[in-house]
Amino acid sequence: MSSEDQRAELVALGGAEAAPARPHQAESMGTFPDLPGAVDGHVVLRLAPFPSGALHIGNARMLYVNDHYRRRYHGRLLLVFDDTVGSKEKRIAPELFDVIRHDLDIANVPPDEVLYKSDRLPVVYDWARRVIDAGGAYVCVCPTELLQKRRALGEPCPERAQTLAETRDGWARMLDGGFATGEAVLRLRTDLADPDPAFRDRVLCRLSDLDHPRVGRKWRVWPMLEFSWAVDDVELGITHVLRGKDLVMEDRMEEFVWRLLGVKGPPFLHWGLLRVAEAKISKSKGYAQVQSGEYDGWADPRLWSLDSLERRGISAEALRRFTLGFGMSLADIEVPAETLYAENRQVLDPTTPRRSFVPDPIAVDVVGYPTELAEVDLPNHPERSELGTRSVAGGPLFWLAGSDVRAHLGEVVRLKDHANIELPREMPPEGPLVASFTSRENRRLPRLQWVGAVHAVTVDLLDPDGTHRKGLGERTLRGAAPSDIFQFERVGFVRVEPDWIPGTEPLRVCFGHV
RNA sequence: GCUCCCGUAGUCUAGUCCGGUCAAGGAUUCGGGGCCUUCGACCCCGUAACGCGGGUUCGAAUCCCGCCGGGAGCACCA
């Protein structure tokens, strides 16, 4: 795609109309090379999540890179659940199929079609037979440790020399229950002298008695991930495989099988590993913590799941820009979440209403307060008058943030957009702090957000680390709706919890970022 | 240990294939200023980088070699 096309896409996403073309690079968007041999309208890509946990921020790159190319070439994007039983350590959780589909909704990456590896065993078996017939595989009965040791040493196990008939017989026994789980595997005959020990006679298929959430124990022989993709990247007509570079060896495996069978498969493109510094959680580990109740479901902000990001008011657009900003770089990177927040701020700031919230509130009684200020209109947005105004309660009784009060004792401060008051020199032993009104004109003073005491709303703010901030918000918050997003001035962007019942207190919100 | 990948400012990224237009561009962060009402936004200014060492060349971020550093794989997980 030319830089102009990239710009065009960003503009289409609503991002860059204000940004003029720059000489060297149009956007902060990374570079995406053309897909080799891609024909507009005939590109088929695939997403292959393993349903062991909700999608998290680390998976977002896979989503958006594939979606980016789908859009560029007007192609199709298949969601293919990689549900090839897994293991005791990596289990498939039944509810995750729906959770992941929901995650794609949240990310705004709708799949064109949804498929399951667990429906495709007959095709896999057919390919296995073809590989066997081509003399490319054998049935190995080595115990796991012995197999690994021999692989490391580059030594063959006795079965490697088995005849075609013996392999066919062994494979038939695997299929019809002649072997117990773990007793036999189908291995690809590569080259035991291959310099990469990881590539020596990889396992193609294995036995498993795990109960599969979708198909139960219908099948006992399951393919390994790379073999299943050797099959389906061809069978499903995938034109380009875009995957993280942790899967490069799988490329070789697939290509080896294709060469053996004389079929042509798609080319591979990779990107490097992306880690968000603040998010160090694996899908499977997260699952355990959700199950144990340690975490508050998949939307717990500590999980950095897509669900939790939505809960925090992080938009799909911000996630998309954030992810695409890295391009197809192969470098392994760790990025601070602030980079994502910066993108989200751009999305949210122009349209998000401002509201007042004071954490850890302290009551302040202002003497000499003009009675005509009991009601006051404030703009919903400092720069965008089209967003209107709201009416809030003024004094003389206010709530101010405890930390603000303590930091400014004895000083004249400005209640933002409202009035100036002088705070006493010391905190009173009990009762409200007594301050005095000084003036109304806008002066260069420390500006504090404030909440008029009349009808103030109790607010419970959930922080991303799982802790809570309790405080009071302006009375208009009483009219909030679930999923509303506000900017609490001098605090940050928050989103009203989707399950909060309107009118109840406290108002529950989830913190996004400053 | 073996295999593969990567190494441009605090953090990302463009440029590296096809050496000069790169005294290295953009984003973000940070610092300063503006906008006389946010610790937000916006605007302006600024700090700041080609991992190291050789080589090829008139000329190297770009090509070659070595080294160092980081990551991934070496599962009957995905």
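Calculation criteria
Residues numbered from 1 in each chain as written. Chains lettered and ligands numbered in written order. Predicted model: local features only at pLDDT ≥ 70, side-chain atom pairs only at ≥ 80, totals over all residues. Heavy atoms only, no water. Pairing = 2+ DSSP bridges. Helix = DSSP H or I, 4+ residues; strand = E, 2+ residues; numbered from the N terminus. Contact = heavy atoms within 4.5 Å. Axes fitted to C-alpha atoms, helices over the stretch in contact; angles between N-to-C directions. Near = heavy atom within 4 Å. Polar contact = N/O pair within 3.5 Å; in protein donor to acceptor, adjacent residues only side chain to side chain. Nonpolar A, V, L, I, M, F, W, Y, C, P; charged D, E, K, R; others polar. Core = buried A, V, L, I, M, F, W, Y, C linked by side-chain atoms within 4.5 Å. Buried < 20%, exposed > 50% of the residue type's maximum accessible area, 1.4 Å probe, protein only. Parallel < 35°, antiparallel > 145°, perpendicular 65-115°, else oblique. Left-handed = near helix turned anticlockwise from the far one by under 90°. Phe/Tyr/Trp six-rings, centres within 6.5 Å; stacked < 30°, edge-to-face > 60°. Lys NZ or Arg CZ within 6 Å of the ring centre and 35° of its normal.

Q: Please give an account of the sheet that holds strand β27 (residues 507–513) that cites residues and values.
A: One open sheet accounts for seven strands, arranged β12-β25-β26-β27-β23-β24-β13; its pairing is mixed. Edge strands, defined here as strands with exactly one partner in the open sheet, are β12 (354–355) and β13 (357–359). Bridge count for strand β23 (residues 457–462) against strand β24 (residues 468–473) is six bridges, and the pairing is antiparallel. Its bridge partner being in β24, T458 is matched across the sheet by L472. The strands that helix α12 (residues 337–348) touches are β25 (485–488), β26 (492–496) and β27; relative to β27, the one it contacts most, it runs at about 120 degrees.

Q: Just give me the short version of the protein's contact with RNA strand B, but keep the residues and values in it.
A: Near RNA strand B, the surroundings consist of 59 residues, among which K90, R206, R354, D417 and R490 are the closest. What you see for RNA strand B is that sugar and phosphate hold 69% of its atoms within 4 Å of the protein. In the environment of RNA strand B, a sugar or linking oxygen lies 3.1 Å from a nitrogen or oxygen atom belonging to the backbone of D82. At the level of elements, α5 (144–153), β6 (203–207), α8 (248–261), β11 (333–335) and α12 are the ones that each hand at least two residues to the surface near RNA strand B. Classifying every residue of the surface near RNA strand B gives 20 nonpolar, 15 polar and 24 charged.

Q: Describe the nonpolar core, with residues and values.
A: If you look at the biggest cluster of nonpolar residues, it comprises 47 residues, and the most contacted ones within it are I57, L63, Y64, Y69, L306 and L319. Setting aside chain neighbours within four positions, we find L306 in contact with L55, H56, I57, A60, L63, D103, I106, A107 and L319. With 44 residues, the next largest nonpolar core counts A128, L207, W219 and F268 among its residues.

Q: I'd like to hear about the environment of A152, residue by residue, with values.
A: Within the fold, A152 resides in helix α5. It is 23 Å that separates the C-alpha atoms of A152 and T167, two residues lying 15 residues apart in sequence.

Q: Provide a residue-level description of the sheet that holds strand β18 (residues 412–415), including the pertinent values.
A: One open sheet accounts for seven strands, arranged β21-β18-β19-β20-β14-β17-β22; its pairing is mixed. The open sheet is flanked by β21 (447–448) and β22 (450–452), the only strands paired with a single partner. Pairing geometry for β18 and β21, over two bridges, is parallel. By the bridge assignment, R414 is partnered in β21 with R447.

Q: Which residues make up the environment of E505, and what values go with them?
A: Residue position: E505 is located in the loop between β26 and β27. You can call E505 partly exposed: its relative accessible area is 39%. Between the alpha carbons of E505 and G327 there is a distance of 45 Å; along the sequence they are 178 residues apart. Excluding residues that lie within four positions of it along the chain, E505 makes contacts with A456, V457, T458 and R478.

Q: Describe the packing of helix α7 (residues 225–235) against α8, listing the residues and the values that go with them.
A: Direction vectors running N to C along α7 and α8 enclose 55 degrees, while the axes themselves pass 9 Å from each other. Relative to α8, α7 is oriented oblique. In terms of crossing hand, the pair formed by α7 and α8 is right-handed. Judged by residue contacts, L225, E226, F227, W229, A230, D233 and V234 of α7 engage E250, M253, E254, V257 and W258 from α8. The class makeup of the residues in the contact of α7 with α8 is eight nonpolar, no polar and four charged.

Q: Summarise helix α11 (residues 316–324); cite the residues concerned and give the values.
A: Burial within α11 is extensive, with eight of its nine residues counted as buried. Here α11 has its buried residues at A316, A318, L319, R320, R321, F322, T323 and L324.

Q: Can you explain the packing of aromatic side chains? Please cite residues and give values.
A: Within this structure, the stated rule accounts for 14 aromatic pairs. On the numbers, 5.9 Å between centres and 85 degrees between planes, the contact of F32 with Y69 is edge-to-face. Taken together, the residues span a long stretch of sequence, with F32 in the loop between α1 (3–12) and β1 (44–47) and Y69 in helix α2 (residues 60–73) at a distance of 37 residues. Here F32 and Y69 have matching classes, each one buried. By way of ring pairs, the aromatic residues Y369, F398, F437 and W450 are connected into one cluster. For R214, the ring lying beneath its charged end belongs to Y116, and the centroid distance is 3.7 Å.

Q: Give me the lowdown on the pairing of β23, citing residues and values where you can.
A: The element β23 is extensively covered by neighbouring structure, given that five of its six residues are classed as buried. Here β23 folds back onto β24 in antiparallel fashion, the turn holding five residues, of which G466 has a positive phi close to 95 degrees. Taken together, the four bridges between β23 and β27 define a ladder with parallel strand orientation. Bridge pairing in β27 places L462 opposite C510.

Q: Tell me what's going on with the side chain of S308, and back it up with residues and numbers.
A: You can see S308 is positioned in helix α10 (residues 306–311). Setting aside residues no more than four positions away along its own chain, S308 makes contact with W298, A299, D300 and P301.

Q: Summarise the pairing of strand β14 (residues 361–367); cite the residues concerned and give the values.
A: Here five bridges tie β14 to strand β17 (residues 397–401), and the two strands are oriented antiparallel to one another. If you follow V364 over to β17, its bridge partner there is F398. As paired elements, β14 and strand β20 (residues 433–439) share four bridges and run parallel to each other. If you follow D365 over to β20, its bridge partner there is V434.

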